[in-house]
Amino acid sequence: MHLTDIGANLTHASFHDDLDAVLTRASAAAVGTIIITGTTVLESRLAAEIADRYDLYCTAGVHPHHARDSDEQTIAELRKLALHPRCVAIGECGLDFNRNYSPHPAQEKCFVAQLALGLALGKPLFLHSRDAHPRFAQMLRSHGVKTAVAHCFTGEAEELHAYLDLGLYIGITGWICDERRGTHLLRLVRDIPADRLLLETDSPYLTPRDMKPQPRARRNEPAFLPHILKTVARALGQPPEELAVQTTRNAARLFGIDESRASRTTQRTAAA
Ligand SMILES: [Zn+2]
C-alpha cells in the first residue's frame, strides 16, 4: 500500500525535535508521499528545505490568516519559491471568514494574487476556505481556476457541489472522524467522484478524535493517515487498499508527481 498525505504542516514548531522519528513512522504506516504545506514565505522556504532533506514535496503560499502582512514583494518571493523542483502547488491560499485574522479586502487581494501566480506558472492551487462560501467559489469561477484542491473540506452539500462543478479535487482530513461536527462528511464523501478525492492529515492539527489512544499532546502526524483512509473507505463501502491506490493516483495526477516513484517507494516500504 502507498498513501499520499497531500497536506502536512511539518514546519510547525511541534515537529522541530523529532521530525526524523515522525517521518520514519509515516514510512512504516505506508505514507510514502507527503506534501508539506507552505503558509507564509518563511514557512514555504522551510517546507522546501524539509522536502529536500527527506525526499518529500512542498507548496508555496500565504494562508489567509497572514494576508494582511503580504504585499507585492511577498508574491515575488512566492514566485521564486514556486520554481523549486519539489514545489508542486501554490498555496495554501484562500479565504477564512471564520477567524478573520486578516480583513476581508486584504484576504481577497492576497488570494487573487496567488490565483494569478498559479495560473501564470501552470501550477495547481492548494486552497483553504472557511465560512467563505459562496464568495470563494465566485472568485475561483471569475478567475477561471480549474486545477486545484479544496483542502480540508468541512462544508455542506451545496458548497461541495459548487467546487465539484468547478472541477476541483476535494481534500478530506480527520474532520470526518469528529463525532461532534464531522458526521455529515460520512454521507457527503459519497458525492465526490472517485477520481477527485484526496486524503490529508493537516498535521499537527485535526487529530482524529476517535483514535484510541490519543497521541501525546494530541499532535496529529502523517502516520495517522491510514486511520482517515479507513474511515473514508468505510463510508464509501470500499476496501481501504483500493481507496489508497485511487487517492494516491489522484494526487499524482493533480500535483504532477511521478507515479513510478510512488511504486518504488511502495517496494521499499514492502521490503523494509
Ligand atoms: Zn487550511
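The structure we're discussing is the one just above.
J.: In this structure, what is going on with the overall build of the protein? I would like to understand it.
T.: Along its length, the protein carries ten helices and eight strands. Each principal axis of the C-alpha distribution contributes one length, and for the protein these read about 50 × 40 × 35 Å. Counting the 272 residues in the protein, one finds 57% classified as buried. As displayed, the protein offers around 11900 Å² of accessible surface, 52% of which is attributable to carbon and sulfur atoms.

J.: So what exactly am I meant to see when it comes to the packing of helix H8 (residues 225-236) against helix H9 (residues 240-255) here?
T.: When two helices pack together, their arrangement is given by the angle between the helix axes and by the axis-to-axis distance. Axis separation between H8 and H9 bottoms out at 9 Å; the angle between their running directions is 105°. Our classification of the angle between H8 and H9 gives roughly perpendicular. Within the contact between the two elements, H8 uses Leu229, Lys230, Val232, Ala233 and Leu236 and H9 uses Pro240, Leu243 and Ala244. Across the contact of H8 with H9, the residue classes break down as seven nonpolar, no polar and one charged.

J.: What is the right way to read helix H2 (residues 41-54) from this model?
T.: Helical geometry note: an α-helix holds 3.6 residues per turn, so side chains three or four residues apart project in the same direction. With 14 residues, H2 should cover 20 Å at 1.5 Å per step; its first-to-last C-alpha distance of 20 Å lies within 8% of that length. Those residues of H2 not exposed but buried are Val41, Ser44, Ala47, Ala48, Ile50 and Ala51. Where H2 is buried, its residues touch helix H1 (19-28), strand E2 (31-36), strand E3 (57-60) and helix H3 (72-82). The opening residue of H2 is threonine 40, an N-cap whose side-chain oxygen sits 3.4 Å from the backbone nitrogen of leucine 42. In the segment just after H2, aspartate 55 is the residue with positive phi, at about 60°.

What counts and what doesn't
- Residues numbered from 1 in each chain as written.
- Predicted model: local features only at pLDDT ≥ 70, side-chain atom pairs only at ≥ 80, totals over all residues.
- Heavy atoms only, no water.
- Helix = DSSP H or I, 4+ residues; strand = E, 2+ residues; numbered from the N terminus.
- Buried < 20%, exposed > 50% of the residue type's maximum accessible area, 1.4 Å probe, protein only.
- Areas by Shrake-Rupley, 256 points an atom, 1.4 Å probe, with all protein chains shown as cover.
- Axes fitted to C-alpha atoms, helices over the stretch in contact; angles between N-to-C directions.
- Parallel < 35°, antiparallel > 145°, perpendicular 65-115°, else oblique.
- Contact = heavy atoms within 4.5 Å.
- Nonpolar A, V, L, I, M, F, W, Y, C, P; charged D, E, K, R; others polar.
- Expected span 1.5 Å × (residues − 1).
- Polar contact = N/O pair within 3.5 Å; in protein donor to acceptor, adjacent residues only side chain to side chain.

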